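# Structural overview
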Amino acid sequence: MTKARWIACAVLVAFGVIRIPIEDRLAADLKAHQFHEMTIPDGSMREQLGQLGAAAALGGFRSFLATMFELNAIAAYRESDYANVETRYQLVTQLQPSESGYWETAAWMMDSNARRFYLGMDNEVDVKAQGKRGLLAQRAVERGRRFLDDGLRYHPGDYKLQIALGNHLVERQRPADFCGAAEAFAKAIEARDDATLPTRHHALNLALCPGHEREAYVKLRAIAERLVRGDYPIPLDQIPASLILHMRYLEEYLKIAEDDRFPINLDVLRRLYARLRPGFDPATNTDERHAHVLRRLEDVLAIPEGDRIRF
Amino acid sequence: MHNLAVYRHFSPARVGVLARNTLTQLVRMRAFYFLLIFSVIVLVSALLIQNFTFDPARQLKIMKDMSFFAMSMFGTIFAIVATANLIPKDVEDRTLYTILAKPVPRFEYLLGKYLGAMLVIVLSMAVMMLMLCVVLYLRQQALLTEQQALLDAGAPHAEEIAVVIDELKADGPSTSLITAAAAICLQAMVLGAVTLFVSTFASSGLFTVVVAFMLFFVGYIEPVVVDYWRGSMESLGSFANACIHVVELIFPNFQSFNLVDDVVSGKTLPLSLFFKILGMGLSYVVVYLLAAYFIFADKEL
């Protein structure tokens, strides 16, 4: 080797010695700003990505690969191939866990779309297959929940993920967890300034959470007061029926004096009961919140014992 | 007759002439045709991909992902292939001998050639970034108008629409995207300097291209792998530790310039940190050009 080549090598080695500690500090700074939070793809991920995909994931194309796999997942969803939807979203969320939207979509795909698809396959009479469908639907719901939990580990204060969790706990989980849902909606309220929707859901779920009746009443009443006396006041009979129902139920439960009660038009509740009652079958109902609403409607409207639904 | 002493001093004008010449040479090789492909990618992602996703904000992300992928690919491939052929092509055309027969110092020749190639990358990146920002802005405005119309029509779930509007507003063109594009550019410049260094001692253009791609690949995954190994240093033993240090010492760390993934997902890089990355990139360029010069200066032509 010539002298010039030795000099060139010496320059590069000297530069290496100087730059490594600087690069280590730079890497630490980047990590402190939530940059470069990548990990080496694990065995199953490597298998699904292929060697080239795994290399591309390490080589700065994670976001692009996540996008491509999501498009792949959507193609699978269009063909109702939910096994593939799940594996694709597993990859997408592993490739880019920092994108909260992926977790939310993955959970929605499984606990809503996949569940509906599996339960909707009822054109066969095979009891075994029916049972399998139920299991598949249950598994899809569990998978959706896992996506939500994993997503919330990365984004504990994410508005959309907390709302999705709140809805999941009430609409998918059996028995429904109203207290957990109220907590999830409370976290969503913290994430956004004008969170009217989660504020209402938080109060409504709190109304069904044992031991929180007084707190729920105060919150429901505050919402109702805001609706009739806020910047855009609405007439009393336009307050959402669910709000009125839980408020009246809690007023009776908490024995609030007649004079202190919120003025309520019971006709709104009578109309609601007349609308919900005919289509309700306790044997086939899967919506616990629906059952709670009907039970409370019967209490508030003082439906005679003989006419009540036998839950 | 010119005074030869004048040519011993570094002349930015001579470097400029060489750079301009290299730029013209590369333009004649239709290097800018890639911009046509890029515009197709941006338009396709803007117009067709919208049918593949449910989330309006995700449409913008897809556009950004595809565009940055194209920019990275262009930057990487161009930096390697164009720089690898700079010296071999001049040798083949005999231009190198004509230039060096004149009083042009070899360092100026190398620098001029390098800057010419990098100028193509910088100009292309600027045009691509401009195209992306314009299409991204137009698509963002179209989506915002759609969502606003839904709100005005009194659609249910007004609050969810308001959330989407907020996300759309945050996903448009931003300075973060410019820093990501600048980081891609910087990476290409470092890669160009590394490739030029390899080409000074390579036996053929093909050898340079292959070695440069290997260096790039290793330089990209090495920091992640070293980070992983460091977690299990004790179990690896001192020999393995020494090997890891040697790898770290030899291979350039390209991971420092990888900002796209995080920027696209909405993270913002502080300017101070960007300047540190810029400083690091420029140091790589200076050192590798210097090393290339030491070998090229000693080369018998």
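Residues numbered from 1 in each chain as written. Chains lettered and ligands numbered in written order. Predicted model: local features only at pLDDT ≥ 70, side-chain atom pairs only at ≥ 80, totals over all residues. Heavy atoms only, no water.

Our next topic: the state of the cysteines. With the rule as written, the count across this model stands at one disulfide over all chains. Through a disulfide, A:Cys179 is tied to A:Cys209; the S-S separation comes to 2.0 Å. Here the S-S torsion is close to 105°, and the disulfide linking A:Cys179 with A:Cys209 is therefore right-handed. With A:Cys179 in helix α8 (residues 178-191) and A:Cys209 in the loop between α9 (196-206) and α10 (213-229), this pair connects stretches of sequence that are 30 residues apart. Judged by relative accessible area, A:Cys179 falls into the partly exposed class, the value being 32%. Residue class for A:Cys209 comes out buried when judged on its relative accessible area of 2%. This cysteine, B:Cys185, is not joined by any disulfide, and B:Cys133 carries the nearest cysteine sulfur, 14 Å off. (Disulfide = S-S within 2.5 Å. Helix = DSSP H or I, 4+ residues; strand = E, 2+ residues; numbered from the N terminus. Buried < 20%, exposed > 50% of the residue type's maximum accessible area, 1.4 Å probe, protein only.)

With 61 residues of chain B in contact, the opposing surface of chain A contributes 58 residues. Carbon and sulfur atoms make up 65% of the surface buried where chain B meets chain A, a total of about 5,200 Å² over both sides. Looking at the side of chain B facing chain A, the largest losses of area belong to B:Phe54, B:Arg58 and B:Glu159, adding up to 13% of the total buried there. For B:Asp166, the salt bridge is made with A:Arg192, and the minimal N-O distance between the two is 2.8 Å. Where chain B touches chain A, the interface holds 23 residue pairs in polar contact (both at pLDDT 80 or more). Of all the elements in the fold, those that place two or more residues in the side of chain B that touches chain A are α4 (56-84), α8 (158-170), α9 (175-201), α10 (205-230), α11 (233-250), α12 (260-264) and α13 (271-298) of chain B. Residue classes in the side of chain B that touches chain A are distributed as 35 nonpolar, ten polar and 16 charged. (Contact = heavy atoms within 4.5 Å. Buried area = accessible area lost by both parts, 1.4 Å probe. Salt bridge = Lys/Arg side-chain N within 4 Å of Asp/Glu carboxyl O. Polar contact = N/O pair within 3.5 Å; in protein donor to acceptor, adjacent residues only side chain to side chain. Nonpolar A, V, L, I, M, F, W, Y, C, P; charged D, E, K, R; others polar.)

With 95 residues, the main nonpolar core has B:Phe68, B:Met71, B:Tyr109 and B:Phe197 as its most contacted residues. By residue number, the principal contributor to this core is helix α7 (residues 106-152) of chain B, which donates 17 residues. In contact with B:Met71, other than residues within four places in its own chain, are B:Phe38, B:Met125, B:Met128, B:Met129, B:Ala181 and B:Ile184. In this structure, A:Tyr118, A:Phe147, A:Leu165 and A:Phe178 belong to the second largest nonpolar core, which totals 44 residues. (Core = buried A, V, L, I, M, F, W, Y, C linked by side-chain atoms within 4.5 Å.)

Now for α4(B). Residues and elements named next belong to chain B. For α4, with 29 residues, the first-to-last C-alpha span of 43 Å sits near the 42 Å given by 1.5 Å per residue. Most of α4 is tucked away: 25 of the 29 residues are buried. Its side-chain oxygen at 3.1 Å from the backbone nitrogen of Ala57, Asp55 defines the N-terminal cap of α4. (Expected span 1.5 Å × (residues − 1).)

Many structure descriptions define interface size as the accessible area lost when the parts assemble. When the domains of chain A are assigned, the result is domain 1 (43-155) and domain 2 (195-311). Put simply, the middle of domain 1 of chain A and the middle of domain 2 of chain A, counted by C-alpha atoms, are 37 Å apart. (Domains from an automatic or database assignment.)

Each pair of packed helices can be described by the angle between their axes along with the distance between the axes. All names here are of chain A. Their axes nearest at 10 Å, the elements helix α4 (residues 82-95) and helix α5 (residues 100-120) cross at an angle of 170°. Classified by the angle their axes make, α4 and α5 are roughly antiparallel. Between α4, through Tyr82, Ala83, Val85, Glu86, Tyr89, Val92 and Thr93, and α5, the contact on the second element is made entirely by Tyr102, Trp103, Thr105, Ala106, Met109, Met110, Asn113, Ala114, Phe117 and Tyr118. For the contact of α4 with α5, the class distribution of residues is 13 nonpolar, three polar and one charged. (Axes fitted to C-alpha atoms, helices over the stretch in contact; angles between N-to-C directions. Parallel < 35°, antiparallel > 145°, perpendicular 65-115°, else oblique.)

Once that is clear, we can look at unusual backbone geometry. Leaving glycine aside, a negative phi is the common case for residues, and trans is the common case for peptide bonds. All names here are of chain A. Residue Pro175 is reached from Arg174 by a cis peptide bond, and omega for that bond is -10°. Within the fold, Pro175 resides in the loop between α7 (159-171) and α8. Within the chain, Gln34 stands out as a residue other than glycine whose phi angle is a positive 60°. Summarising the element assignment, Gln34 is placed in the loop between α1 (3-32) and α2 (43-58). Overall, the relative accessible area of 42% leaves Gln34 in the partly exposed class. A positive phi angle, near 55°, is found at Ser80, a position not held by glycine. With respect to the secondary-structure elements, Ser80 resides in the loop between α3 (62-78) and α4.

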